[in-house]
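Spelled out, the chains give:
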Amino acid sequence: MKAVRLHEFGGPEVLRYEDVPDPQPRKDQVLIRVKACALNHLDIWVRKGLPGVNLPHILGSDIAGEIVEVGEYLTGFKPGQRVLLAPMHFCNHCAKCVAGLQNQCREFTALGNGVDGGNCELMAVPAVNVIPIPDSLGFVQAASVPLVFLTAWHMLVGRAGIRLGQTVLVLGAGSGVGIAAIQIAKLLHARVITTAGDESKLEKARALGADHGINHYQQKISQEVRKITDKEGVDIVVEHVGTATWDESMKSLKPGGTIVTCGATTGHNAAFDLRFLFSRQLNFLGSYMGTMGELHDVLRQVFAGRLKPIVDRAFPLKDARAAHEYMEASQMFGKVVLTP
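For every chain, the first residue of the written sequence is number 1, and numbering continues from 1 onward in sequence order. Local features in this predicted model are restricted to residues whose pLDDT is 70 or higher, and side-chain atom pairs enter the listing and the counts only when it is 80 or higher, whereas totals over whole chains, interfaces and linings include all residues. Side-chain numbers here rest on the full set of heavy atoms in the structure, without hydrogens or water.

The next point concerns the sheet that holds strand 12 (residues 191-196). Here a strand pair is declared whenever DSSP counts at least two bridges between the two strands. Segments assigned H or I by DSSP are reported as helices when at least four residues long, segments assigned E as strands when at least two residues long, and all are numbered from the N terminus. One open sheet holds the 6 strands; their spatial order is 13-12-11-14-15-16, and the pairing between them is parallel. Of all the strands in the sheet, just strand 13 (212-215) and strand 16 (283-286) have a single pairing partner and so form its edges. Neighbouring strand axes in the sheet, compared pairwise and without regard to direction, differ in orientation by 20° on average. With 4 bridges joining them, strand 11 (residues 167-170) and strand 12 adopt parallel strand pairing. From the neighbouring strand, Leu169 faces strand 12, where its bridge partner is Ile193. Fitting a line to C-alpha atoms yields each axis, with helices limited to the stretch in contact; the angle taken between N-to-C directions then spans 0 to 180 degrees.

So this is what it looks like as C-alpha coordinates:
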(Lines give C-alpha, C1' and ligand atoms only; values in the text may rest on other atoms or scores of the structure.)
Protein backbone atom coordinates (compact mmCIF):
# COMPACT_ATOMS: atom_id res chain seq x y z
CA MET A 1 0.00 0.00 0.00
CA LYS A 2 0.93 3.67 -0.18
CA ALA A 3 1.63 5.61 3.01
CA VAL A 4 3.19 8.85 4.15
CA ARG A 5 5.93 8.11 6.69
CA LEU A 6 8.50 9.91 8.80
CA HIS A 7 12.03 8.53 8.74
CA GLU A 8 13.36 11.55 10.63
CA PHE A 9 11.90 14.50 12.50
CA GLY A 10 11.75 18.00 11.04
CA GLY A 11 9.79 20.23 8.69
CA PRO A 12 7.18 19.19 6.10
CA GLU A 13 10.00 18.08 3.80
CA VAL A 14 10.58 14.94 5.94
CA LEU A 15 7.20 13.48 4.90
CA ARG A 16 7.74 10.63 2.42
CA TYR A 17 5.03 9.18 0.19
CA GLU A 18 6.15 5.59 -0.34
CA ASP A 19 5.26 1.94 -0.65
CA VAL A 20 5.00 -0.04 2.58
CA PRO A 21 3.81 -3.62 3.26
CA ASP A 22 0.06 -4.12 3.64
CA PRO A 23 -1.00 -4.68 7.26
CA GLN A 24 -1.82 -8.27 8.21
CA PRO A 25 -4.82 -8.11 10.56
CA ARG A 26 -5.14 -10.48 13.50
CA LYS A 27 -8.28 -12.57 13.98
CA ASP A 28 -9.55 -10.01 16.51
CA GLN A 29 -9.00 -7.00 14.23
CA VAL A 30 -10.80 -5.21 11.42
CA LEU A 31 -9.01 -4.18 8.23
CA ILE A 32 -10.03 -0.70 7.06
CA ARG A 33 -9.48 0.96 3.69
CA VAL A 34 -8.80 4.60 4.58
CA LYS A 35 -10.93 7.04 2.58
CA ALA A 36 -10.05 10.20 4.51
CA CYS A 37 -7.71 11.25 7.32
CA ALA A 38 -7.91 14.72 8.87
CA LEU A 39 -4.90 16.64 10.14
CA ASN A 40 -4.49 17.98 13.67
CA HIS A 41 -1.81 20.12 15.29
CA LEU A 42 -0.66 16.87 16.89
CA ASP A 43 0.59 15.77 13.46
CA ILE A 44 2.86 18.81 13.32
CA TRP A 45 4.21 18.26 16.82
CA VAL A 46 4.91 14.58 16.16
CA ARG A 47 6.56 15.42 12.85
CA LYS A 48 8.85 17.90 14.58
CA GLY A 49 9.75 15.33 17.24
CA LEU A 50 7.96 14.03 20.35
CA PRO A 51 9.30 11.51 22.89
CA GLY A 52 8.22 7.90 22.44
CA VAL A 53 7.68 8.01 18.68
CA ASN A 54 9.48 5.18 16.89
CA LEU A 55 10.65 5.74 13.31
CA PRO A 56 9.60 5.12 10.63
CA HIS A 57 6.18 6.42 11.67
CA ILE A 58 2.77 7.07 10.08
CA LEU A 59 0.86 10.14 11.26
CA GLY A 60 -2.91 10.64 11.38
CA SER A 61 -5.47 10.45 14.20
CA ASP A 62 -8.81 11.09 12.48
CA ILE A 63 -9.77 8.31 10.09
CA ALA A 64 -12.84 7.32 8.09
CA GLY A 65 -13.14 4.52 5.55
CA GLU A 66 -14.65 1.18 4.56
CA ILE A 67 -14.27 -2.23 6.14
CA VAL A 68 -12.27 -4.58 3.89
CA GLU A 69 -11.99 -7.64 6.12
CA VAL A 70 -13.37 -8.74 9.50
CA GLY A 71 -11.38 -11.03 11.80
CA GLU A 72 -13.01 -14.42 12.38
CA TYR A 73 -13.33 -13.80 16.13
CA LEU A 74 -15.57 -10.77 15.51
CA THR A 75 -19.27 -10.27 14.85
CA GLY A 76 -21.37 -7.21 14.06
CA PHE A 77 -19.25 -5.92 11.19
CA LYS A 78 -19.24 -6.67 7.48
CA PRO A 79 -17.06 -5.80 4.48
CA GLY A 80 -18.10 -2.60 2.74
CA GLN A 81 -19.45 -1.01 5.91
CA ARG A 82 -18.72 2.72 6.22
CA VAL A 83 -16.99 3.59 9.48
CA LEU A 84 -14.88 6.06 11.40
CA LEU A 85 -12.26 5.15 13.97
CA ALA A 86 -12.04 6.22 17.58
CA PRO A 87 -8.80 8.26 17.43
CA MET A 88 -7.10 6.53 20.34
CA HIS A 89 -5.16 3.50 21.48
CA PHE A 90 -5.70 1.93 24.92
CA CYS A 91 -5.19 -1.51 26.45
CA ASN A 92 -8.94 -2.18 27.01
CA HIS A 93 -8.33 -4.43 30.03
CA CYS A 94 -6.79 -2.36 32.86
CA ALA A 95 -8.87 -1.00 35.76
CA LYS A 96 -9.19 2.42 34.10
CA CYS A 97 -10.31 0.99 30.75
CA VAL A 98 -12.93 -1.34 32.21
CA ALA A 99 -14.22 1.61 34.27
CA GLY A 100 -14.74 3.53 31.03
CA LEU A 101 -11.83 5.90 31.67
CA GLN A 102 -9.78 4.96 28.62
CA ASN A 103 -7.97 8.33 28.53
CA GLN A 104 -6.41 7.48 31.92
CA CYS A 105 -5.03 4.13 30.72
CA ARG A 106 -1.23 3.86 31.00
CA GLU A 107 -1.10 2.86 27.32
CA PHE A 108 -3.41 5.65 26.18
CA THR A 109 -2.23 7.59 23.15
CA ALA A 110 -3.70 9.09 20.01
CA LEU A 111 -3.54 7.19 16.75
CA GLY A 112 -0.63 8.67 14.83
CA ASN A 113 1.22 9.57 18.02
CA GLY A 114 2.42 6.60 20.07
CA VAL A 115 1.18 4.16 17.41
CA ASP A 116 0.90 4.41 13.62
CA GLY A 117 -2.04 6.37 12.26
CA GLY A 118 -4.10 6.82 9.13
CA ASN A 119 -1.89 8.56 6.55
CA CYS A 120 -2.03 5.35 4.54
CA GLU A 121 -4.36 3.24 2.44
CA LEU A 122 -5.04 0.34 4.84
CA MET A 123 -5.19 -0.03 8.66
CA ALA A 124 -5.73 -3.02 10.94
CA VAL A 125 -7.44 -1.92 14.16
CA PRO A 126 -9.21 -3.44 17.20
CA ALA A 127 -12.99 -3.77 16.85
CA VAL A 128 -13.55 -1.39 19.78
CA ASN A 129 -12.21 1.48 17.64
CA VAL A 130 -14.60 0.86 14.74
CA ILE A 131 -17.82 2.93 14.68
CA PRO A 132 -20.33 2.71 11.78
CA ILE A 133 -21.39 6.03 10.26
CA PRO A 134 -24.69 7.00 8.58
CA ASP A 135 -24.95 7.39 4.80
CA SER A 136 -25.63 11.10 5.33
CA LEU A 137 -22.04 11.64 6.48
CA GLY A 138 -19.34 11.65 3.80
CA PHE A 139 -15.89 10.25 4.48
CA VAL A 140 -14.18 13.65 4.47
CA GLN A 141 -16.76 15.04 6.91
CA ALA A 142 -16.58 11.93 9.11
CA ALA A 143 -12.80 12.17 9.36
CA SER A 144 -13.19 15.78 10.51
CA VAL A 145 -15.14 14.76 13.61
CA PRO A 146 -13.52 12.38 16.11
CA LEU A 147 -10.55 13.99 17.84
CA VAL A 148 -11.73 17.61 18.01
CA PHE A 149 -15.39 16.93 18.84
CA LEU A 150 -14.41 14.37 21.48
CA THR A 151 -11.84 16.77 22.92
CA ALA A 152 -14.29 19.70 23.07
CA TRP A 153 -17.05 17.51 24.56
CA HIS A 154 -14.74 16.17 27.28
CA MET A 155 -13.56 19.72 28.05
CA LEU A 156 -17.00 21.29 28.36
CA VAL A 157 -19.16 18.41 29.56
CA GLY A 158 -16.79 15.94 31.22
CA ARG A 159 -14.38 18.34 32.88
CA ALA A 160 -15.94 21.81 33.18
CA GLY A 161 -19.51 20.55 33.78
CA ILE A 162 -21.11 23.21 31.59
CA ARG A 163 -24.59 24.27 32.72
CA LEU A 164 -27.57 25.93 31.06
CA GLY A 165 -27.17 29.68 30.65
CA GLN A 166 -23.45 29.92 31.38
CA THR A 167 -21.11 32.14 29.39
CA VAL A 168 -18.21 30.41 27.62
CA LEU A 169 -15.13 31.98 26.03
CA VAL A 170 -13.81 29.80 23.19
CA LEU A 171 -10.33 30.69 21.99
CA GLY A 172 -9.35 30.11 18.36
CA ALA A 173 -12.68 30.09 16.53
CA GLY A 174 -11.14 28.73 13.33
CA SER A 175 -9.44 25.74 14.94
CA GLY A 176 -10.95 22.26 15.03
CA VAL A 177 -11.44 22.36 18.80
CA GLY A 178 -12.80 25.91 18.59
CA ILE A 179 -15.36 25.03 15.92
CA ALA A 180 -16.50 22.01 17.93
CA ALA A 181 -16.62 23.89 21.26
CA ILE A 182 -18.73 26.74 19.85
CA GLN A 183 -21.33 24.28 18.57
CA ILE A 184 -21.34 22.12 21.71
CA ALA A 185 -21.72 25.17 23.99
CA LYS A 186 -24.64 26.46 21.90
CA LEU A 187 -26.23 22.99 21.82
CA LEU A 188 -26.17 23.12 25.62
CA HIS A 189 -27.72 26.63 25.63
CA ALA A 190 -24.69 28.64 26.71
CA ARG A 191 -23.74 32.13 25.57
CA VAL A 192 -20.55 31.98 23.50
CA ILE A 193 -17.80 34.56 23.06
CA THR A 194 -15.03 33.54 20.68
CA THR A 195 -11.76 34.88 19.31
CA ALA A 196 -10.01 34.85 15.94
CA GLY A 197 -7.37 36.78 14.03
CA ASP A 198 -9.54 38.19 11.26
CA GLU A 199 -13.11 39.24 10.60
CA SER A 200 -13.86 36.51 8.07
CA LYS A 201 -13.19 33.82 10.69
CA LEU A 202 -15.31 35.67 13.23
CA GLU A 203 -18.17 35.89 10.74
CA LYS A 204 -17.98 32.14 10.14
CA ALA A 205 -17.95 31.59 13.91
CA ARG A 206 -21.11 33.65 14.27
CA ALA A 207 -22.71 31.49 11.59
CA LEU A 208 -21.96 28.47 13.82
CA GLY A 209 -23.77 30.16 16.70
CA ALA A 210 -21.20 32.33 18.49
CA ASP A 211 -22.90 35.33 20.09
CA HIS A 212 -19.87 37.62 20.18
CA GLY A 213 -16.50 37.75 18.42
CA ILE A 214 -13.18 39.30 19.47
CA ASN A 215 -10.35 40.01 17.02
CA HIS A 216 -7.37 39.08 19.18
CA TYR A 217 -4.94 41.03 16.97
CA GLN A 218 -6.88 44.29 17.30
CA GLN A 219 -8.56 43.93 20.70
CA LYS A 220 -7.51 42.84 24.18
CA ILE A 221 -9.47 39.71 24.97
CA SER A 222 -10.10 40.30 28.68
CA GLN A 223 -11.15 43.92 28.15
CA GLU A 224 -13.66 42.95 25.48
CA VAL A 225 -14.98 40.11 27.65
CA ARG A 226 -15.57 42.59 30.49
CA LYS A 227 -17.51 44.86 28.13
CA ILE A 228 -19.62 42.05 26.72
CA THR A 229 -20.43 40.59 30.16
CA ASP A 230 -20.98 43.94 31.91
CA LYS A 231 -17.77 43.42 33.92
CA GLU A 232 -18.92 40.02 35.20
CA GLY A 233 -16.56 37.72 33.26
CA VAL A 234 -17.16 34.26 31.86
CA ASP A 235 -17.92 30.96 33.57
CA ILE A 236 -15.66 28.82 31.37
CA VAL A 237 -12.66 29.46 29.11
CA VAL A 238 -11.90 26.80 26.50
CA GLU A 239 -8.11 27.19 26.34
CA HIS A 240 -5.80 25.40 23.92
CA VAL A 241 -3.45 28.21 22.86
CA GLY A 242 -1.10 28.31 25.85
CA THR A 243 1.51 30.95 26.62
CA ALA A 244 0.15 33.65 24.30
CA THR A 245 -3.33 33.72 25.84
CA TRP A 246 -3.07 32.29 29.36
CA ASP A 247 -2.98 35.63 31.18
CA GLU A 248 -5.93 36.96 29.18
CA SER A 249 -7.85 33.74 29.82
CA MET A 250 -7.37 34.14 33.58
CA LYS A 251 -8.42 37.78 33.52
CA SER A 252 -11.56 36.89 31.57
CA LEU A 253 -12.96 34.62 34.31
CA LYS A 254 -15.60 35.59 36.82
CA PRO A 255 -14.94 34.62 40.48
CA GLY A 256 -15.27 30.84 40.72
CA GLY A 257 -14.78 30.48 36.96
CA THR A 258 -13.01 27.66 35.19
CA ILE A 259 -10.22 27.43 32.62
CA VAL A 260 -10.15 24.03 30.92
CA THR A 261 -7.12 23.43 28.73
CA CYS A 262 -6.27 20.69 26.24
CA GLY A 263 -3.21 22.09 24.51
CA ALA A 264 -0.51 24.70 24.14
CA THR A 265 -0.02 25.60 20.49
CA THR A 266 1.96 28.78 21.31
CA GLY A 267 4.04 27.33 24.14
CA HIS A 268 3.61 25.42 27.37
CA ASN A 269 4.93 27.86 29.98
CA ALA A 270 2.17 29.68 31.87
CA ALA A 271 3.01 31.91 34.86
CA PHE A 272 0.41 33.36 37.19
CA ASP A 273 0.02 34.91 40.62
CA LEU A 274 -1.24 32.27 43.06
CA ARG A 275 -3.04 34.98 45.03
CA PHE A 276 -5.23 35.63 42.00
CA LEU A 277 -6.01 31.92 41.80
CA PHE A 278 -7.07 31.43 45.41
CA SER A 279 -8.63 34.82 46.16
CA ARG A 280 -10.96 34.56 43.14
CA GLN A 281 -11.47 30.80 43.76
CA LEU A 282 -10.68 29.89 40.16
CA ASN A 283 -10.53 26.39 38.73
CA PHE A 284 -7.77 25.26 36.36
CA LEU A 285 -8.56 21.94 34.71
CA GLY A 286 -6.54 19.77 32.37
CA SER A 287 -8.29 17.78 29.67
CA TYR A 288 -6.87 15.04 27.45
CA MET A 289 -9.00 13.86 24.55
CA GLY A 290 -11.85 11.86 26.17
CA THR A 291 -13.43 8.47 26.83
CA MET A 292 -15.15 6.02 24.50
CA GLY A 293 -18.46 6.76 26.22
CA GLU A 294 -18.04 10.48 25.54
CA LEU A 295 -17.12 9.78 21.93
CA HIS A 296 -20.37 7.88 21.44
CA ASP A 297 -22.27 10.70 23.20
CA VAL A 298 -20.94 13.39 20.89
CA LEU A 299 -21.24 11.21 17.78
CA ARG A 300 -24.97 10.79 18.46
CA GLN A 301 -25.28 14.55 18.16
CA VAL A 302 -23.19 14.62 14.97
CA PHE A 303 -25.11 11.75 13.35
CA ALA A 304 -28.39 13.52 14.18
CA GLY A 305 -27.14 16.68 12.45
CA ARG A 306 -27.10 18.81 15.59
CA LEU A 307 -23.30 19.21 15.43
CA LYS A 308 -21.57 19.68 12.08
CA PRO A 309 -17.95 19.08 11.05
CA ILE A 310 -16.45 21.94 9.07
CA VAL A 311 -13.96 21.12 6.32
CA ASP A 312 -11.63 23.80 5.02
CA ARG A 313 -9.77 21.89 2.31
CA ALA A 314 -8.85 18.38 1.18
CA PHE A 315 -5.47 17.33 -0.25
CA PRO A 316 -4.46 14.05 -1.92
CA LEU A 317 -2.41 11.83 0.39
CA LYS A 318 0.62 12.21 -1.88
CA ASP A 319 0.49 15.96 -1.21
CA ALA A 320 0.77 15.60 2.57
CA ARG A 321 3.70 18.01 2.61
CA ALA A 322 1.59 20.76 1.02
CA ALA A 323 -1.21 20.02 3.51
CA HIS A 324 1.20 20.43 6.44
CA GLU A 325 2.52 23.69 5.01
CA TYR A 326 -1.03 24.96 4.53
CA MET A 327 -1.99 24.05 8.09
CA GLU A 328 1.09 25.66 9.59
CA ALA A 329 0.18 28.92 7.84
CA SER A 330 -2.98 28.96 10.05
CA GLN A 331 -5.24 30.41 7.37
CA MET A 332 -7.83 27.63 7.51
CA PHE A 333 -11.27 27.67 9.11
CA GLY A 334 -12.07 24.02 9.77
CA LYS A 335 -10.30 20.78 9.09
CA VAL A 336 -7.59 19.98 6.55
CA VAL A 337 -8.10 16.45 5.25
CA LEU A 338 -6.00 13.95 3.28
CA THR A 339 -7.70 11.57 0.83
CA PRO A 340 -6.26 8.65 -1.22
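Turning next to helix 7 (residues 221-228). Every buried residue belonging to helix 7 is among Ile221, Ser222, Glu224 and Val225, and all of these are buried. Down the axis of helix 7, the buried set is contained in an arc of 160°. They therefore lie on one face. Residues count as neighbours in contact if any of their non-hydrogen atoms are within 4.5 Å of one another. Along its buried surface, helix 7 packs onto strand 11, strand 12, strand 13, strand 14 (234-239) and helix 8 (246-251). Looking one or two residues past helix 7, Asp230 carries a phi angle of roughly 55°, positive in sign. Three exposure classes are used, based on accessible area relative to the maximum for each residue type with a 1.4 Å probe and protein chains only: buried under 20%, partly exposed in between, and exposed over 50%. Working note: the arc is built from the helix axis to C-beta atom directions.

We now examine the environment of Thr266. Tracing the backbone shows Thr266 in the loop between strand 15 (253-261) and helix 9 (274-279). The exposure class of Thr266 is partly exposed, given its relative accessible area of 41%. Separated by 22 residues in sequence, Thr266 and Ala244 have C-alpha atoms that sit 6.0 Å apart. Leaving out residues up to four positions away in the same chain, Thr266 has contacts with Val241, Gly242, Thr243 and Ala244. What qualifies as a polar contact is a pair of N or O atoms within 3.5 Å, subject to a donor-acceptor requirement within protein and to the restriction that residues adjacent in sequence count only when both atoms come from side chains. Only 2.7 Å separates the side chain of Thr266 from the backbone oxygen of Val241, close enough to count as a polar contact. One polar contact links the side chain of Thr266 to the main-chain amide nitrogen of Ala244, over a distance of 3.0 Å.

Among the secondary structure elements, Thr245 is positioned in the loop between strand 14 and helix 8. Residue Thr245 is classed as buried on the basis of its relative accessible area of 11%. Residues Thr245 and Lys35 lie 210 residues apart in sequence; the distance between their C-alpha atoms is 36 Å.

Another point: helix 1 (residues 41-48). Every buried residue of helix 1 is listed here: Leu42, Asp43, Ile44, Val46 and Arg47. Contact partners of the buried residues in helix 1: strand 1 (2-6), strand 2 (15-19), strand 3 (29-38), strand 4 (57-58), strand 8 (109-110) and helix 11 (320-328). Gly49, located one to two residues past helix 1, shows a positive phi value of around 125°.

As a further point, take the pairing of strand 3. Counting buried positions along strand 3 gives 8 out of 10 residues, so the element sits mostly inside the fold. Pairing of strand 3 with strand 9 (residues 122-126) involves 5 bridges; the strand directions are antiparallel. Bridge pairing in strand 9 places Ile32 opposite Met123. Relative to strand 5 (residues 62-70), strand 3 runs antiparallel, the two being bridged by 8 bridges. Residue pairing for strand 5: Ala38 is matched across the bridge by Asp62. Where strand 3 meets strand 18 (residues 335-339), 2 bridges bridge the pair, whose relative direction is antiparallel. Bridge pairing links Ala38 to Val337 in strand 18.

Turning our eyes to something else, we now look at the sheet that holds strand 4. Think of a sheet as strands paired side by side through backbone hydrogen bonds, with each pair either parallel or antiparallel. The 3 strands are arranged 2-1-4 in an open sheet whose pairing can be described as antiparallel. Of all the strands in the sheet, the pair left with one neighbour each is strand 2 and strand 4. As defined by bridge partners, strand 1 adjoins strand 2 across 5 bridges and the pair is classed as antiparallel. Across the sheet, residue Lys2 finds its bridge partner in strand 2, namely Asp19.

You can see Ser249 is positioned in helix 8. A distance of 2.6 Å separates a polar atom in the side chain of Ser249 from a polar atom in the side chain of Glu239. Residue contacts for Ser249: discarding those within four places in its chain leaves Leu171, Val237, Glu239 and Ile259.

Moving on, we come to the side chain of Thr245. There is a polar contact of 3.0 Å between the side chain of Thr245 and the side chain of Glu239. Beyond its immediate stretch of four places on either side in the chain, Thr245 contacts Leu171 and Glu239.

Our focus in this paragraph is the packing of helix 4 (residues 146-159) against helix 5 (residues 176-187). The interhelical angle for the contact between helix 4 and helix 5, taken along N-to-C directions, is 50°, at an axis separation of 8 Å. Relative to helix 5, helix 4 is oriented oblique. Crossing of helix 4 against helix 5: the hand is right-handed. Contact residues: helix 4 offers Val148, Phe149, Thr151, Ala152, Trp153, Met155 and Leu156, while helix 5 offers Gly176, Val177, Ala180, Ala181, Gln183, Ile184, Ala185 and Leu187. Of the residues in the contact of helix 4 with helix 5, the class split is 12 nonpolar, 3 polar and no charged. What sets the label is the angle itself: under 35 degrees gives roughly parallel, over 145 gives roughly antiparallel, 65 to 115 gives roughly perpendicular, and the rest give oblique. Crossing handedness is read from the near helix: turned anticlockwise from the far helix by less than a right angle, it gives a left-handed crossing, and turned clockwise, a right-handed one. Under the scheme applied here, ten amino acids are nonpolar (Ala, Val, Leu, Ile, Met, Phe, Trp, Tyr, Cys and Pro), four are charged (Asp, Glu, Lys and Arg), and all others, including Gly, are polar.

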